[in-house]
Amino acid sequence: YADVPVTVLEQPRPRPRIVGIVWDASGSGATRDHVREMALLDAYLRWLGEADIRLSVVRDAAEPVRRFRVAQGQWTTLRAALETLPYDGGTALGSFVPEREVEEYLLFSDGLSNFGARTFPRMTQPLHAISSAVRSDHDSLRDQAHASGGRYVDLIAEDTASAARKLVFQSTRVGGLRATGVTDLVLASPHPEHGRLVLAGRLTAAAGMVSVALERPTRDDAL
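Notes on the structure in this doc start here. Predicted model, so just to flag it, every value in this text is computed and none were measured.

**Remarks on the sheet that holds strand β7 (residues 127–131)**
Link 1 in the chain: An order of β5-β4-β3-β6-β7-β8 is seen for the 6 strands of this open sheet, with the pairing classed as mixed. The strands lining the two open edges of the sheet, one partner per strand, are β5 (66–70) and β8 (152–154). Here the strands of the sheet are splayed against their neighbours by 20° on average, with no regard to which way each runs.
Link 2 in the chain: Pairing analysis gives 7 bridges linking strand β3 (residues 18–24) to strand β4 (residues 51–58), with the strands arranged parallel.

**Some points on helix α3 (residues 138–148)**
Link 1 in the chain: Taken together, the buried positions of α3 are L141, A145, H146 and S148. End-on, the buried residues of α3 take up no more than an arc of 170°, which puts them together on one face. For α3, the exposed residues set more than 90 degrees away from the buried face come down to D139, D143 and A147.
Link 2 in the chain: Considering only its buried residues, α3 is in contact with β6 (104–108), β7 and β8.

**Some thoughts on a nonpolar patch on the surface**
Link 1 in the chain: Side chains of L177, V210 and V212 sit close together on the surface and give an oily, nonpolar patch of about 170 Å² of accessible area.
Link 2 in the chain: For L177, the position within the fold is in strand β10 (residues 173–180).
Link 3 in the chain: You can call L177 partly exposed: its relative accessible area is 30%.

**Some details on the packing of helix α1 (residues 34–48) against helix α2 (residues 76–83)**
Link 1 in the chain: Contact geometry of α1 with α2 gives a least axis separation of 12 Å together with a crossing angle of 160°. Taken together, α1 and α2 sit at an angle that is classed as roughly antiparallel. Pair α1 / α2 crosses with right-handed handedness. Packed against α1, whose contacting residues are M38, L41 and L45, the element α2 presents L78, R79, L82 and E83 at the interface.
Link 2 in the chain: Looking at the contact of α1 with α2, its residues break down into 5 nonpolar, no polar and 2 charged.

**Side note on the pairing of β7**
Link 1 in the chain: Of all 5 residues in β7, 5 are buried; the element is thus mostly enclosed.
Link 2 in the chain: Side chains L127, A129 and S131 project from β7 onto one buried face, and the interleaved H128 and I130 project onto a second face that is buried too.
Link 3 in the chain: Examined bridge by bridge, β6 and β7 share 4 bridges and lie parallel to one another. The partner of L107 across the bridge, within β7, is A129.
Link 4 in the chain: In terms of strand pairing, β7 meets β8 through 3 bridges, oriented parallel. Residue pairing in the sheet places I130 in a bridge with V153 of β8.

**As for the environment of G208**
Link 1 in the chain: Looking at where G208 falls in the secondary structure, it is placed in the loop between β12 (196–203) and β13 (209–215).
Link 2 in the chain: On the basis of relative accessible area, G208 is assigned to the partly exposed category, the value being 44%.
Link 3 in the chain: As a C-alpha pair, G208 and L41 span 167 residues in sequence and 44 Å in three-dimensional space.
Link 4 in the chain: Setting aside residues up to four positions removed in sequence, G208 forms contacts with T180, G181, V182 and L203.

How each quantity is defined
Residues numbered from 1 in each chain as written. Predicted model: local features only at pLDDT ≥ 70, side-chain atom pairs only at ≥ 80, totals over all residues. Heavy atoms only, no water. Pairing = 2+ DSSP bridges. Helix = DSSP H or I, 4+ residues; strand = E, 2+ residues; numbered from the N terminus. Axes fitted to C-alpha atoms, helices over the stretch in contact; angles between N-to-C directions. Buried < 20%, exposed > 50% of the residue type's maximum accessible area, 1.4 Å probe, protein only. Arc of directions from axis to C-beta. Contact = heavy atoms within 4.5 Å. Patch = residues over 30% accessible without salt bridge, like charges linked within 9 Å, V, L, I, M, F, W, Y side chains within 5 Å. Areas by Shrake-Rupley, 256 points an atom, 1.4 Å probe, with all protein chains shown as cover. Salt bridge = Lys/Arg side-chain N within 4 Å of Asp/Glu carboxyl O. Parallel < 35°, antiparallel > 145°, perpendicular 65-115°, else oblique. Left-handed = near helix turned anticlockwise from the far one by under 90°. Nonpolar A, V, L, I, M, F, W, Y, C, P; charged D, E, K, R; others polar.

Given below as C-alpha cells:
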C-alpha cells in the first residue's frame, strides 16, 4: 500500500459541443440530492456556453432520447424537463445505448442497477459519473468513469465548486504503472485526490518496486 504526494497541474480542457446526459429516474432516484445535481449542471452548462444536449432518461427501460439546446449557458427548458420527471420503477442502466456523435456523457445515478440482464455499455467517449445519494454503488460508478477516461464525482463528499472543477479542467493523471516484485496493482483513482496518489498491490517477494508514469494535462509534456 502506498499513499504519496503528487504535484497536480491543471488547465481548462476543450469544450465539447454535443453532450449526453443519462438521468436515472427509477424509484431509487428520488433519494438523490437533486438540488446539488442541478447546481453542478448549472456550473457545467454555463461553462459550456453553447452546446447540443442529448437527454436519456432511464428506468426499467430507456426512454427515447430528447434533444435540447444550451445557448449562452442558459438551460431553462432542460432544467424544467428534469425537475418534472417522475421517479418510479426498477433501474436498468444497461438499457441505455450511447450515441456515436456525443462527445462525452454525464451519468446521474446511484449506480444500483437491479433490472434486466444487460450491464451498462462500454463507452468509447468519456463518461463522468455523478453520485448524490448516500446509498450508492460508488465502486461501480467510479470504475465506469475511470475506464472511459472520465471523472467520478461524489456530491455528498464534494461541494459544487470542487465537483465542477473536475468536469471543466484536465489535470495530472496516471498514464501507466510498472512493477517489480508486485502484482495485482490497483489505483484508488488515476487522478490524484487532494494532491495524493493511493495505490495497492500484492508483494511476491521480500521487497518490491513500483514505477508510476504521470501525464501532464498537455499533449506535449510528460512527467
